[in-house]
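Descriptive analysis of the structure
Given next are the chains, with one letter for each unit.
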Amino acid sequence: AHPSAGGGLREGVAYTWKSPTLQAAMLLAFLVNLTAYPLSNGLLPYVAKEVYLLDQTGLGYLAASFSLGALLGSVAVSMRGDLMPGRMMLVFAAVWCAMLAVFAQMRVPGAAVVMLMLAGCAQSFCMVLLMVLILRNTDEKLRGRVMGVRMLAIYSLPLGLLASGVLIERVGYHATATLYAVVGLLFTGLIALGWRADLWRADMPANAR
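Residues numbered from 1 in each chain as written. Predicted model: local features only at pLDDT ≥ 70, side-chain atom pairs only at ≥ 80, totals over all residues. Heavy atoms only, no water.

**Details of the overall build of the protein**
We count it as follows: Starting at the N terminus, helices and strands are each numbered in turn, a helix being any DSSP run of H or I of at least four residues and a strand any DSSP run of E of at least two. We compute the radius of gyration from the C-alpha atoms alone; for a globule the expected value is 2.2 Å times N to the 0.38, where N is the number of residues. Exposed residues in this analysis have more than 50% of their type's maximum accessible area, buried residues have under 20%, and partly exposed residues fall in between, with area computed by a 1.4 Å probe over protein chains only. In what follows, residue pairs with any heavy atoms lying within 4.5 Å of each other are defined as contacts. In short, Shrake-Rupley with a 1.4 Å probe defines the accessible areas, and a residue's cover is counted only from the protein chains shown. Positive: Lys, Arg. Negative: Asp, Glu. His and the chain ends are not part of the count. Lys charges are placed at NZ, Arg charges at CZ, Asp charges at CG and Glu charges at CD.
On a plain count of helices and strands, the protein comes out with 11 helices and zero strands. For the protein, the α and β elements follow one another from N to C terminus as α-α-α-α-α-α-α-α-α-α-α. In terms of C-alpha radius of gyration, the protein reaches 18 Å, essentially the compact-globule figure of 17 Å for 209 residues. By principal-axis analysis of the C-alpha atoms, the protein measures approximately 55 × 35 × 30 Å. The burial tally for the protein puts 44% of its 209 residues in the buried class. Considering only intrachain contacts with a sequence separation of at least 6, the fraction spanning at least 24 residues in the protein is 79%. If you sum the accessible surface of the protein, you get close to 10600 Å²; carbon and sulfur atoms cover 68% of it. In the protein, which carries 15 positive and 9 negative side-chain charges, the distance between the mean positions of the two groups comes to 5 Å.

What follows is the structure, given as structure tokens:
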């Protein structure tokens, strides 16, 4: 008999809770949706209009640069079968946040396009490897339920967007964007430190090649 939606979700959460590797992956997914994606997604129309004084075409260039970087990153990671998912997921999450921190300081649209492309490339490495880690470390029968738990992490994105609106009104865009990138970088480091035995060691299942 197939479980109900609620029962399947509970099983996915229980399975995730028992696995330190999956705990770290879910926390990282929650973190990047809260702090990184608002900068490279939802806030781009504001950045184009209010920061760089661009029209719709300029906004298109900004969005396309991140997407192009994501495409190049996806192609690159698919060509490398020897990457250690646990370790590299954390490294590229940190690179992603660092690129966004630099992007937050850019005053020239051309430089912003370059930084967004680099951020998009790092984003693909991070998120593709995160998915690889989840699938490799989940029992085949429970992969759908665990992936359902993973999809719930996206609900931190509207929280990040709502908070960014309040912060931009009070302290300005550059300070808000820098804060988001620094918080993302800081908590990525804390995840790496807290789950270093499961994610960083080369002989652990999270880094199976």
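Still to come is the rest of the account.
**Considerations on the pattern of salt bridges**
Here is the rule we go by: A carboxyl oxygen of Asp or Glu within 4 Å of a side-chain nitrogen of Lys or Arg is what we treat as a salt bridge.
Following the criterion strictly, the structure yields two salt bridges and no others. For Glu11, the salt bridge goes to Arg145, with nearest N and O atoms at 2.2 Å. You can see Glu11 sitting in helix H1 (residues 5–18) and its partner Arg145 sitting in helix H8 (residues 143–152), a full 134 residues away along the chain. Exposure remark for Arg145: the relative accessible area of 27% places this residue in the partly exposed category. A salt bridge links Asp203 to Arg201; its shortest N-O distance comes to 2.8 Å.

**Here we look at the nonpolar core**
Grouped burial of nonpolar side chains is what soluble globular proteins tend to show. Inclusion rule: Residues grouped as a nonpolar core are buried Ala, Val, Leu, Ile, Met, Phe, Trp, Tyr and Cys residues, joined through side-chain atoms within 4.5 Å.
Within the largest apolar cluster, 57 residues are counted, with the highest numbers of intra-cluster contacts made by Leu28, Met89, Trp96, Phe103 and Leu199. If you tally residues by element for this core, the top one is helix H7 (residues 109–136), at 12 residues. Apart from residues no more than four positions distant in its own chain, Met89 is found in contact with Leu28, Met84, Cys126, Leu129, Leu130, Leu133 and Leu199.

**Re the packing of aromatic side chains**
Our working definition: We call Phe, Tyr and Trp rings a pair once their centres come within 6.5 Å, taking the six-membered ring for Trp, and we label the pair stacked below 30 degrees between planes, edge-to-face above 60, and tilted otherwise.
The full count for this structure, using the stated rule, is three aromatic pairs. Ring plane angle 45° and centroid distance 6.3 Å describe the contact between Tyr46 and Tyr173, whose orientation is recorded as tilted. One end of the pair, Tyr46, is in helix H4 (residues 44–51); the other, Tyr173, is in helix H10 (residues 173–194), with 127 residues separating them in the sequence. With a centroid separation of 4.5 Å and 25° between ring planes, the pair formed by Phe92 and Phe125 is classed as stacked. One end of the pair, Phe92, is in helix H6 (residues 85–103); the other, Phe125, is in helix H7, and 33 residues separate them in sequence. The class of Phe125 is buried, set by a relative accessible area of 10%.

**Notes on the side chain of Asn33**
Applicable threshold: Nitrogen and oxygen atoms within 3.5 Å of one another constitute a polar contact, given that in protein one can donate a hydrogen and the other can accept it, and given that sequence-neighbouring residues count only through two side-chain atoms.
Here Asn33 lies in helix H2 (residues 20–35). Reaching out from Asn33, the side chain makes a polar contact with the backbone oxygen of Ala29 at a distance of 2.8 Å. Here Asn33 is in contact with Pro38, Arg150, Ala153, Ile154, Ser156 and Leu157, once residues within four sequence places are set aside.

**Remarks on unusual backbone geometry**
Even without glycine at this site, Leu53 takes up a positive phi of about 55°. Residue placement: Leu53 occurs in the loop between H4 and helix H5 (56–78).

**A few points about the environment of Trp96**
Relative to the assigned elements, Trp96 resides in helix H6. For Trp96 and Leu118, which are 22 residues apart along the polypeptide, the C-alpha to C-alpha distance reads 7.9 Å. Excluding its chain neighbours within four sequence positions, the residues that come into contact with Trp96 are Val32, Ala36, Tyr37, Phe66, Ala119, Ala122, Gln123, Cys126 and Met127.

**Examining the packing of H2 against H8**
Put simply, the rule reads: Axis definition: a line fitted to C-alpha atoms, limited for helices to the stretch in contact. Angles are taken between N-to-C directions and run from 0 to 180 degrees. When an angle is under 35 degrees it counts as roughly parallel; over 145 it counts as roughly antiparallel; between 65 and 115 it counts as roughly perpendicular; any other value is oblique. Gly counts as polar in this scheme, as do all residues outside two lists: the nonpolar Ala, Val, Leu, Ile, Met, Phe, Trp, Tyr, Cys and Pro, and the charged Asp, Glu, Lys and Arg.
Axis separation between H2 and H8 bottoms out at 9 Å; the angle between their running directions is 30°. The pairing of H2 with H8 is recorded here as roughly parallel in orientation. For the pair H2 and H8, the contacting residues are Leu22, Met26, Ala29 and Asn33 in the first and Val146, Val149 and Arg150 in the second. Looking at side-chain class alone, the contact of H2 with H8 contains five nonpolar, one polar and one charged residues.

**Focus: the environment of Ser19**
Take Ser19: it is sitting in the loop between H1 and H2. For Ser19 and Gly58, which are 39 residues apart along the polypeptide, the C-alpha to C-alpha distance reads 44 Å.

It is worth stressing that arrangement in space is one thing and function is another; only the former is reported here.
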